[in-house]
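Listed below, chain by chain, are the residues.
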Amino acid sequence: MARMTGRRILFAVPVLLVVTFGVFAVAAASPFDPVKAYAGTAGLTASQENLDQLRANLGVDQPLVGRWWHWLTSAVTGDLGDSGVMRRPVADVIAERLGWSVLLAVAAFVVAILLGTTLGVLAARRQGGRLDRAASSAAYTLEAAPAFWLGLLAMWLFALKLGVLPAGGLTDTASDVVTFGQVASHLVLPAAVLGVSQLPWFFLYVRQGVADALEEDPVRGARSRGLSERTVLLGHALRSGMLPMLTLVGSRVPELITGALLVETVFSWPGIAAATVQAATAVDFPLLAALTVLATVAVLAGNLLSDVLYGLADPRVGFDG
């Protein structure tokens, strides 16, 4: 497994190089002018000489390869450049927001995995029953529901209609400090919405995996030995049925990032995804490049995590062979 991990890390290097170069190539081909976006309304009345000087200061007057190489060599040393929209170093923006995005993503993943696994096991236990039909119908419906629509619906119901949860943000409007209680209450809706948007795939994978495992000879043998149904279900069928679901963990990372982009925007959650929207709309390429690399790293790490979890759950898998 260590050899497989090393190979994956080496493979990630050229992938990241291609991704970063692609970001700068798109920036070079874009019709948007980052200088005018940086200058804002002042750029409308600025002279061409001032705009050219600002262009030189920002480094956008250099050739594509030169800009990419300068950014890459600086990024290796920890200098990701300055964000035009945030008026701060990109590294500071990411450091300030990354923790909140990780908190939201982890909470959402926990919701999706626990709820999806529980419903999947119960549905597989009695296929065709009321719970199975209801949960399967809900899962197929949620597959087609956009995350932002679920967010707006949850906000209308729980924040505006019932008034039991805050509508968005990180803290209460009148509060100047961040407390655990406020963060926890404000986290409930976005984490639940993002988790529910990921739930259908976990539910369907677990349901099918456990249903297939219940028909296997080892599980039938466990039943014939007089083991309780709970032991057969949780100790034998669930372990075998969870193997396909482990591969799903990494493959859902891109969808999780996309969903977080929408959910953070709907609920005004101060995370990385919200900064991505601001970077894209303000043509802030230094920030957008760093966030794109960060998303790529998350996807590669998610795929590696899936393989590692699968190898730990099934020792028969030989990664180092």
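These remarks concern the structure in this document. Throughout, a residue's number is its position along its own chain's written sequence, starting from 1. Local features in a predicted model are, by the rule used here, given only for residues with pLDDT of at least 70; side-chain atom pairs are given and counted only at 80 or more, and totals for whole chains, interfaces and linings are based on all residues. Hydrogen atoms and water are omitted, and side-chain values are computed over all heavy atoms in the structure.

## Digging into the overall build of the protein chain
Right, so step 1: Across its full length, the protein chain carries 14 helices and 2 strands.
Right, so step 2: Going through the 321 residues of the protein chain one by one, you find that 39% of them count as buried.
Right, so step 3: Contacts spanning at least 24 positions in sequence make up 73% of the contacts within the protein chain whose residues lie at least 6 apart.
Right, so step 4: Accessible surface, the protein chain: about 17,200 Å² in total, of which carbon and sulfur atoms supply 65%. Each helix corresponds to a stretch of at least 4 residues labelled H or I by DSSP, and each strand to a stretch of at least 2 residues labelled E; elements are numbered beginning at the N terminus. The classification of residues rests on relative accessible area computed with a 1.4 Å probe and restricted to protein chains. Under 20% of the type maximum is buried, over 50% is exposed, and intermediate values are partly exposed. Contacts were defined at the residue level, with two residues in contact if any of their heavy atoms lie within 4.5 Å. Each accessible area is a Shrake-Rupley result for a 1.4 Å probe, and residues are judged covered by the shown protein chains and nothing else.

## Side note on the pattern of salt bridges
Right, so step 1: Salt bridge, as used here, is a side-chain nitrogen of Lys or Arg placed within 4 Å of a carboxyl oxygen of Asp or Glu. Overall, the coordinates contain 2 salt bridges when judged by the stated rule.
Right, so step 2: Here R88 and E96 are joined by a salt bridge, their closest N and O atoms 3.2 Å apart.
Right, so step 3: For R207, the salt bridge goes to D132, with nearest N and O atoms at 2.7 Å. Taken together, the residues R207 in helix α9 (residues 180-214) and D132 in helix α7 (residues 130-143) connect sequence positions 75 residues apart.

## A few points about the packing of α7 against α9
Right, so step 1: Between α7 and α9, the least distance of the axes is 8 Å, while the angle of their chain directions is 135 degrees. Classified by the interaxial angle, the pair formed by α7 and α9 is oblique. For the pair α7 and α9, the crossing hand works out as left-handed. Within the contact between the two elements, α7 uses D132, A135, S136, A139, Y140, L142 and E143 and α9 uses V196, P200, W201, F203, L204 and R207.
Right, so step 2: Note on residue categories: nonpolar means Ala, Val, Leu, Ile, Met, Phe, Trp, Tyr, Cys or Pro, charged means Asp, Glu, Lys or Arg, and polar means any other residue, Gly included. Class assignment for the residues of the contact of α7 with α9 results in 9 nonpolar, 1 polar and 3 charged. Lines fitted to C-alpha atoms define the axes, with helix axes restricted to the stretch in contact, and inter-axis angles between N-to-C directions lie between 0 and 180 degrees. Any angle that is under 35 degrees is reported as roughly parallel, and any over 145 degrees as roughly antiparallel; angles of 65 to 115 degrees are reported as roughly perpendicular and all others as oblique. For a crossing to be left-handed, the near helix must be turned anticlockwise from the far one by less than a right angle; the clockwise case is right-handed.

## Focus on the nonpolar core
Right, so step 1: What is meant by a nonpolar core is a set of buried Ala, Val, Leu, Ile, Met, Phe, Trp, Tyr and Cys residues, joined one to another through side-chain atoms within 4.5 Å. Core analysis: the biggest nonpolar cluster contains 39 residues, and L194, F202 and V210 have the highest contact counts within it.
Right, so step 2: For this core, the secondary-structure elements that each account for two or more residues are α6 (90-125), α8 (147-161), α9, α11 (229-251) and α12 (253-266).
Right, so step 3: Here this core gets 12 residues from one element, more than from any other, and that element is α9.
Right, so step 4: The residues touching F202, leaving out its near neighbours within four places in the chain, are F109, A112, I113, G116, M245, L248, V249 and R252.
Right, so step 5: In terms of nonpolar packing, the next biggest core, distinct from the first, is built from 22 residues, A27, W71, A279 and F285 among them.

## Regarding the packing of α8 against α9
Right, so step 1: Their axes nearest at 9 Å, the elements α8 and α9 cross at an angle of 140 degrees. The orientation of α8 with respect to α9, classified from their angle, is oblique. The handedness of the crossing between α8 and α9 comes out as right-handed. For the pair α8 and α9, the contacting residues are A147, L150, G151, A154, M155 and F158 in the first and L189, V193 and S197 in the second.
Right, so step 2: Grouping the amino acids of the contact of α8 with α9 by side-chain chemistry returns 7 nonpolar, 2 polar and no charged.

## Observations concerning a nonpolar patch on the surface
Right, so step 1: Two distance rules govern patches: like charges are joined within 9 Å, and nonpolar side chains (Val, Leu, Ile, Met, Phe, Trp, Tyr) within 5 Å, applied only to residues with over 30% relative accessible area and no salt bridge. Judged by side-chain polarity, F148, W149, L152, L153, W156, L157, F158, L160, L162, V164 and L262 come together as a nonpolar surface patch covering roughly 1,100 Å² of accessible area.
Right, so step 2: The greatest single-element share of the nonpolar patch, amounting to 8 residues, is contributed by α8.
Right, so step 3: When you line up the elements, W156 lands in helix α8.
Right, so step 4: Relative accessible area serves as the criterion here: at 44%, W156 is assigned to the partly exposed category.

## Concerning the packing of aromatic side chains
Right, so step 1: Any Phe, Tyr or Trp ring, taking Trp's six-membered ring, that has another such ring centre within 6.5 Å forms a pair; planes under 30 degrees apart are called stacked, those over 60 apart edge-to-face, and the others tilted. Under the defined criterion, the tally for this structure stands at 4 aromatic pairs.
Right, so step 2: Ring centres of F21 and W68 lie 5.3 Å apart, and the angle between their planes is 85 degrees; this geometry places the pair in the edge-to-face category. Of this pair, F21 sits in helix α1 (residues 2-29) while W68 sits in helix α5 (residues 64-76), and the two are 47 residues apart along the sequence.
Right, so step 3: A residue is classified by how much of its surface remains accessible, and F21, at 30% relative accessible area, is partly exposed.

## Digging into α7
Right, so step 1: Multiplying one less than the number of residues by 1.5 Å gives the expected span of a helix. Along its 14 residues, α7 runs 20 Å from first to last C-alpha, staying within 8% of the 20 Å computed at 1.5 Å per residue.
Right, so step 2: When α7 is considered as a whole, its buried residues turn out to be D132, A135, S136, A139 and L142. The arc enclosing the buried residues of α7, seen along the axis, measures out at 130 degrees, which places them on a common side. Looking at α7, the residues exposed on the side facing more than 90 degrees away from the buried face are R130, Y140 and T141.
Right, so step 3: Against the buried residues of α7 lie α6, α8 and α9. In this description, one arc is meant: the one made by directions from the helix axis to the C-beta atoms.

## So, the side chain of D132
Right, so step 1: The exposure class assigned to D132 is buried, which follows from its relative accessible area of 4%.
Right, so step 2: Excluding its chain neighbours within four sequence positions, the residues that come into contact with D132 are A123, R126, Q127 and R207.

## Points about the environment of S306
Right, so step 1: Looking at where S306 falls in the secondary structure, it is placed in helix α14 (residues 285-313).
Right, so step 2: Apart from the residues lying within four places of it in its own chain, the contact partners of S306 are L246, T247, V249, G250 and S251.

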